[in-house]
Structures are given as C-alpha cells and as structure tokens.
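Chain residues, written in single-letter form:
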Amino acid sequence: MHSIMPIFGTRPEAIKMAPIVSALQESAHFDCIVTVTGQHREMLDQVNELFGIVPDHDLNILRQGQTLSAIMTRTIDGLETLFAGSRPDAVVVQGDTTTSTAAAIAAFYHGIPVVHVEAGLRSGDLLSPFPEEANRKITSQIARLHLAPTSTSRENLLREGVSPEDIVVTGNTVIDALLATVDKQLPFTDPRLEELATSGRRILLVTTHRRENQGDAMRNMGRALARIADAEPELTIVLPAHKNPVVREAVLPALDGKPNVLVTEPLAYGEFTRLLSVAHLVLTDSGGVQEEAPSLGKPVLVMRENTERPEAVDAGTVLLIGTDEERIVSEVSRLIHDQGHFAAMANAVNPYGDGKAAARTVAAIEELVGVGSRIGEFDGA
Ligand code: UD1
Ligand code: UDP
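A.B. asks: Give me the overall build of the chain: which residues, what numbers.
C.D. replies: A count of helices and strands for the chain gives 16 helices and 14 strands. For a compact globule of 381 residues, the expected C-alpha radius of gyration is about 21 Å, and the chain comes in at 20 Å, within 12% of that figure. By principal-axis analysis of the C-alpha atoms, the chain measures approximately 60 × 40 × 40 Å. Residues counted as buried form 58% of the 381 residues belonging to the chain.

Printed below as a string of structure tokens:
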C-alpha cells in the first residue's frame, strides 16, 4: 500500500479534489490520507459534507482577515509537524491557492513527490489573478507530476521547460464533480430559491471574490447590479455572497432593498449547480464557475481583464468584460435583449473535461509510484 495525501483548504480545491479522493479510496493500491488546512472553514466543510469526505488531519489555520503570509506560514508549519509524524509517499495539491502552493513547498522540503492537479494554467500576468498566477508558477517549479486539464495548459508547461513525460492531460476534475452532482437537482434549503427556480423567471447568477477586484472594482459591480435590477424588473439577480466580509462590504450596500435581488449565504455545491442549471446567464470573476457554466450551455460574462482559462472564450461561451460599471450594465443588457447574441453564447461546450479526469489522475499516480500505468489522455481543447 502506498500512502497518498491530498492536501486542500478552500472551497474550489475541495470540489475539484473530491472526485480524486473518491477514486483514491477505491484504488486497491492506495491508502488515502486526507489533510485539510482549513484556509476556508464553513465553505470548505460544506463541500466535504456533501461529498462525504472526513479529513484525517485538519490544520485549522483560518483567521478572520488572514494575510497571504499567514496562510503560507501556518500551512507550512502545520505540515512540518504532520510530516515529522507520518510521511506520505506523495502529496496531491490542486490549483493555485496559497494552501496549494504552501503544501507543495512543505512536501518539497521533505523530499515528498508533489502531484499538481490543474497544472499549467497561465494568464500571462503575474499580478492578475493575484496571487494565483504566481502560486501556480511556483508549484510548477517543484512538482514531480503535472496534471494539465487541457492541451493548452500542457503547452504552457512545455514552454516553461517541463519535461513532456512528466505531464498528463487529464481534463479538469471540476467536470467530474459537476456531472456527479448537477443531475441530482438537489433541493434548495432557502425557500426563496426553491420558489424562484420553479417560477420560470429569468435568473442572473452572480459571484465575486477575487482579491484584485476587492475595493473599487467590487463597488462598481454593486452599482452596476443595482442599475440592472432597476432596468430589468422581470429579471431576478441571485448573488450567493462569499464569506469574506471585505467582499460583502463592497458589493452589498448598493443592493439593499432591491426587490428583484436575492443575496444568499454560500450555497452548498449541489444547490449551486442546480441554480447554475436554471440560470439564464452568469456574471462572475470565479475560476471554477468559468469552467462549469459552459458545460451547461450558460453564457458567462467574466468580470476580469484576462483569464487563464481561454478555452471557453475561444469557444464563444465566455466573454471577458472587465469591471467597469458601464460595461457590466451594457453587456448584461445586450445578452438579455439581443437574442442572436444570446444564442451565439449559449452553446453547451466541454473544453474542460469529460468526467473522467479523476480516473486519469489516479492512473497517473499509480504510474508515478510504480504500481500501474497512465490511461488515455483527455482529448479536449
Ligand atoms: C481563496 C484563494 C483563492 C480562491 C478562493 C476561492 C488564496 C490566496 N486565495 O481566496 O485563490 O479563488 O479562496 O473562494 O489562496 N472566510 C470565512 N469563512 C470561509 C471562507 C472565508 O470566514 O469559509 C473569510 C475570512 O474572513 C477570510 C476571508 O474570507 O479572512 C478571505 O479568505 P481567504 O481564503 O484568505 O481568501 P479568498 O478570497 O477566499
Ligand atoms: N460554488 C458553490 N457555492 C456557491 C458559489 C460557488 O458551491 O455559493 C462553487 C462553484 O460551483 C465552483 C466553485 O464553488 O465549483 C468556485 O469557487 P470560487 O468561485 O470560490 O473559487 P475559484 O474557482 O474562483 O477559485
């Protein structure tokens, strides 16, 4: 038996790691030891609960208003102690959060091979998204096995000198998670959402949290959403608010008292994917939502200047619109009123995965530790 330790700490890592945890647990070769940092708390626990993941170790690092350095040092310190007591044969980290990079560094310092899931995404701008672009580049320098979701991400890694034999194109495990969840059409705990989902009203689903958007950009978003709510009384805007108080303080005041704006707590993943499946369009700065919505044929307006996920932009279902108030209002209005434009963007495409990314991931790890061999790669964008 080889001990494999997935390490994760935030909501999106948990969602994308869940299919891998499940596949590792099913493999006869592996003892899967789940470690969470607790960089997120409620939003992490919500995902683990849905997928039935019970962590073996929890570093419980979250502090309100935590700094990047605190996330980094508390994770490395916690893992230092953990590895001294039990040393896994490999660790698995996902994506570009500070948990992910700190865990990769801690493992690297201990000579433990690092498997990087969702490797090779690049925006090309070190400051956007911040600090994620730097995080993912740092992890690429020290990972032993790079699991690229698409051939575009593989190309990025090759350009940076990663050996081709150390890269496997798996597809993104978020599509595994989405496909396993969305069809269940789980009930909403908030009765307002249950009523809305069955009312036939058009829904604009909004999420925001990016660090580089905090402040002026988020205040722009709040004002833009208030204007859209006034101009489009037939539309309901649903905003599941991130737990970060900085986000809430910037976006929510402008929306106070708007009858067609519904602000909720973070939704459990099953509820969020159901809402996505009934939404008319999506306005977001999220990475994961950019990957999921195209799969469900939902047009996505991305409130960022650039993206490390160009595949759905190329497919025409994602449009980068930045964070200017006028532009947000005009692009939403255009999608609502220009049927041709809406139809052109509302194509269901799957450039990010086919639901088999976790199986490819586990096969690649089996090859890494010498008990199997990799399987056919994802043949997407
Ligand atoms: C983090 C990741 C980001 C990822 C995002 C997903 C880093 C640097 N950032 O950003 O890459 O896209 O998660 O959502 O790794 N909070 C809670 N409870 C929670 C979660 C957050 O109270 O369950 C609050 C805390 O006040 C915390 C703040 O939110 O200080 C920010 O959380 P943090 O993890 O530092 O940054 P995110 O913006 O969530
Ligand atoms: N999500 C969720 N509940 C919500 C909002 C988002 O489960 O209320 C899911 C969403 O489906 C996606 C992930 O959270 O899989 C995205 O997380 P987030 O936007 O926080 O982080 P990012 O992907 O930008 O790193």
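From this point, the discussion proceeds with the structure in view.
A.B. asks: How would you sum up the site of ligand 2? Please name residues and give values.
C.D. replies: In the region of ligand 2, 15 residues are neighbours, and Leu 267, Ser 286, Gly 287, Gly 288 and Glu 292 sit closest. One of the backbone N or O atoms of Leu 267 is found 2.7 Å from a nitrogen atom in ligand 2. Contact distances for ligand 2 include 2.6 Å between an oxygen atom and a side-chain N or O atom of Glu 292. Taken by itself ligand 2 offers 540 Å² of open surface, and the protein chains cover 95% of this. Of all elements in the fold, only helix H1 (11–26), helix H11 (269–278) and helix H12 (287–295) reach the threshold of two or more residues within the shell around ligand 2. Here the shell around ligand 2 gets 4 residues from one element, more than from any other, and that element is H12. Here the shell around ligand 2 is built from residues that sort into 8 nonpolar, 4 polar and 3 charged.

A.B. asks: Go over the side chain of Thr 35, please, and point to the residues and values.
C.D. replies: Mapped onto the elements of the fold, Thr 35 is located in strand S3 (residues 35–36). Note on Thr 35: relative accessible area 0%, which makes it buried. Not counting the four nearest positions on each side in its chain, Thr 35 is found in contact with Met 5, Pro 6, Ile 7, Phe 8, His 57, Leu 79 and Leu 82.

A.B. asks: Describe the nonpolar core, and please don't skip the residues or the numbers.
C.D. replies: Of all hydrophobic cores here, the largest spans 56 residues; its most connected members are Ile 4, Phe 8, Leu 24, Leu 193, Val 238, Leu 275 and Ile 365. It is H1 that provides the largest number of residues to this core, a total of 8 residues. One finds Ala 226, Leu 239, Leu 255 and Val 332 within the second-largest nonpolar core, a separate group that totals 29 residues.

A.B. asks: Lay out the packing of aromatic side chains in plain terms, naming residues and giving numbers.
C.D. replies: In the structure shown here, the tally under the stated rule is 2 aromatic pairs. A ring pair is formed by Phe 51 and Tyr 269, whose centres lie 6.1 Å apart and whose planes are at 40 degrees; its orientation type is tilted. Remark: Tyr 269 occurs in helix H11 and Phe 51 occurs in helix H2 (residues 42–51); sequence separation between them is 218 residues. Note on Phe 108 and Tyr 109: the rings are 6.5 Å apart at their centroids and 50 degrees apart in plane angle, and the pair reads as tilted.

A.B. asks: Can you lay out the sheet that holds strand S14 (residues 318–320) for me, pointing to particular residues and giving the numbers?
C.D. replies: The sheet built from 6 strands is open, its strands ordered S11-S10-S9-S12-S13-S14 with parallel pairing. Because the sheet does not close on itself, it has two edges, and the strands there are strand S11 (261–264) and S14. In this sheet, neighbouring strand axes are inclined to one another by 20 degrees on average, regardless of whether the strands run parallel or antiparallel. Relative to strand S12 (residues 281–284), strand S9 (residues 202–207) runs parallel, the two sharing 4 bridges.

A.B. asks: Could you give an account of the packing of helix H7 (residues 173–182) against H11, with specific residues and numbers?
C.D. replies: When two helices pack together, their arrangement is captured by the angle between the axes and the distance separating the axes. Contact geometry of H7 with H11 gives a least axis separation of 9 Å together with a crossing angle of 85 degrees. Viewed along their axes, H7 and H11 adopt a mutual orientation that is roughly perpendicular. Contacts between H7 and H11 involve Val 174, Ala 177, Leu 178, Thr 181 and Val 182 from the former and Tyr 269, Gly 270, Thr 273 and Ser 277 from the latter. Partitioning the contact of H7 with H11 into residue classes produces 5 nonpolar, 4 polar and no charged.

A.B. asks: Talk me through the pairing of strand S5 (residues 90–94); I want residue IDs and the actual numbers.
C.D. replies: By the criterion of burial, S5 is predominantly enclosed, with 5 of the 5 residues buried. Here strand S1 (residues 2–8) runs beside S5; their pairing, made up of 3 bridges, is parallel. Following the sheet pairing, Met 5 is matched in S5 by Val 91. Relative to strand S6 (residues 114–117), S5 runs parallel, the two being bridged by 4 bridges. Within S6, the residue paired with Val 93 across the bridge is His 116.

Rules used in this analysis
- Residues numbered from 1 in each chain as written.
- Chains lettered and ligands numbered in written order.
- Predicted model: local features only at pLDDT ≥ 70, side-chain atom pairs only at ≥ 80, totals over all residues.
- Heavy atoms only, no water.
- Helix = DSSP H or I, 4+ residues; strand = E, 2+ residues; numbered from the N terminus.
- Rg over C-alpha atoms; globule rule 2.2 N^0.38 Å.
- Buried < 20%, exposed > 50% of the residue type's maximum accessible area, 1.4 Å probe, protein only.
- Near = heavy atom within 4 Å.
- Polar contact = N/O pair within 3.5 Å; in protein donor to acceptor, adjacent residues only side chain to side chain.
- Areas by Shrake-Rupley, 256 points an atom, 1.4 Å probe, with all protein chains shown as cover.
- Nonpolar A, V, L, I, M, F, W, Y, C, P; charged D, E, K, R; others polar.
- Contact = heavy atoms within 4.5 Å.
- Core = buried A, V, L, I, M, F, W, Y, C linked by side-chain atoms within 4.5 Å.
- Phe/Tyr/Trp six-rings, centres within 6.5 Å; stacked < 30°, edge-to-face > 60°.
- Pairing = 2+ DSSP bridges.
- Axes fitted to C-alpha atoms, helices over the stretch in contact; angles between N-to-C directions.
- Parallel < 35°, antiparallel > 145°, perpendicular 65-115°, else oblique.

The analysis is restricted to geometry; functional conclusions fall outside its scope.
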